[in-house]
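Understanding the architecture of this molecule
Residue strings, one per chain:
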Amino acid sequence: MAFTLTALPYAFDALEPHIDKLTMEIHHDKHHQAYVDNLNKAIAGTEAEQLSIEDIVKNISKYPPAVRNNGGGHYNHSLFWTILSKDGGVPPTGELATAIDAAFGSFDELKKKLQEAGATRFGSGWAWLSVSADGKLQVSSTPNQDNPLFDIAEVKGTPILGIDVWEHAYYLKYQNKRPGYLEEIFNVIDWKKVAERYAAAK
Ligand SMILES: [Fe+2]
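This text gives an overview of the structure that appears in the document.

1. Here we look at the environment of Glu167
- Here Glu167 shows up in the loop between strand S3 (158–164) and helix H6 (171–174).
- Spatially, the C-alpha atoms of Glu167 and Ser124 are 7.1 Å apart, while their sequence positions differ by 43 residues.

Shown next, in the form of structure tokens:
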């Protein structure tokens, strides 16, 4: 069974002015579509065709680079679209807020750590908030399309928030100013969605 690209859960211009319409169109329809197409090509005729994307990325060391890059790309972008919303930007409440305060001291500290993780990732990659096997929140970054679910990840865990810091995520509007993008994206992060993922992960 081939993987397919799911439609965005909102309009391409929904995240304006923080993330522009053209970036969203190209990012979803071209970049994410390419990850899906190339993943399908890479696993054609193999047992991986029967697996979920989670099961593939959790055992990524068994696969060739094309699966690592495109399987990671498909998983990461599928997550990314769902944690953004035009109604985002409202800091979390409840259990997730308590856990953030316990792990990082405050929401502002978490934000700073995520921005730092994204800004200092050399080249292309992602900044992550994930839940470790023993239920702790942790911030990390990965290169390329790797993610914390990978069995070879430096910091392993279940991702509940991923911030794409590839230039294709911000270059049209922010050019070389990745920190500007990393500030603005916090206006559209949907912490309710992140909280749902946290509840499911811990
Ligand atoms: Fe991307």
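2. Description of the sheet that holds S3
- An order of S2-S1-S3 is seen for the three strands of this open sheet, with the pairing classed as antiparallel. Strands with a single pairing partner mark the edges of an open sheet, and in this sheet they are strand S2 (137–143) and S3. For this sheet, the mean inter-axis angle between neighbouring strands, taken without regard to orientation, is 25°.
- Taken together, the seven bridges between strand S1 (residues 125–131) and S2 define a ladder with antiparallel strand orientation. The partner of Ser130 across the bridge, within S2, is Gln138.
- Together, S1 and S3 form the strand contacts of helix H3 (residues 65–82), whose direction differs from that of S3 by roughly 85°.

3. Overview of helix H4 (residues 94–104)
- Inspection of H4 places Leu96, Ala97, Ala99, Ile100 and Phe104 among the buried residues, and these make up the whole buried set. One face of H4 carries all of its buried residues, which in axial projection span an arc of 165°. Away from its buried face by more than 90 degrees, H4 exposes Glu95, Thr98 and Ala102.
- Where the residues of H4 are buried, they touch helix H5 (107–119), S1, S2, S3 and helix H8 (191–201).
- Backbone geometry just after H4 places Gly105 at a positive phi near 100°.

4. What to know about the pairing of S1
- Counting buried positions along S1 gives seven out of seven residues, so the element sits mostly inside the fold.
- Linking two consecutive strands that pair antiparallel, namely S1 and S2, is a turn of five residues; a positive phi of about 85° is found at Gly135 within it.
- Sheet topology places S1 next to S3; six bridges connect them, and they run antiparallel. Each residue of the ladder has a partner; that of Trp128, found in S3, is Gly162.

What counts and how
Residues numbered from 1 in each chain as written. Predicted model: local features only at pLDDT ≥ 70, side-chain atom pairs only at ≥ 80, totals over all residues. Heavy atoms only, no water. Helix = DSSP H or I, 4+ residues; strand = E, 2+ residues; numbered from the N terminus. Pairing = 2+ DSSP bridges. Axes fitted to C-alpha atoms, helices over the stretch in contact; angles between N-to-C directions. Contact = heavy atoms within 4.5 Å. Buried < 20%, exposed > 50% of the residue type's maximum accessible area, 1.4 Å probe, protein only. Arc of directions from axis to C-beta.

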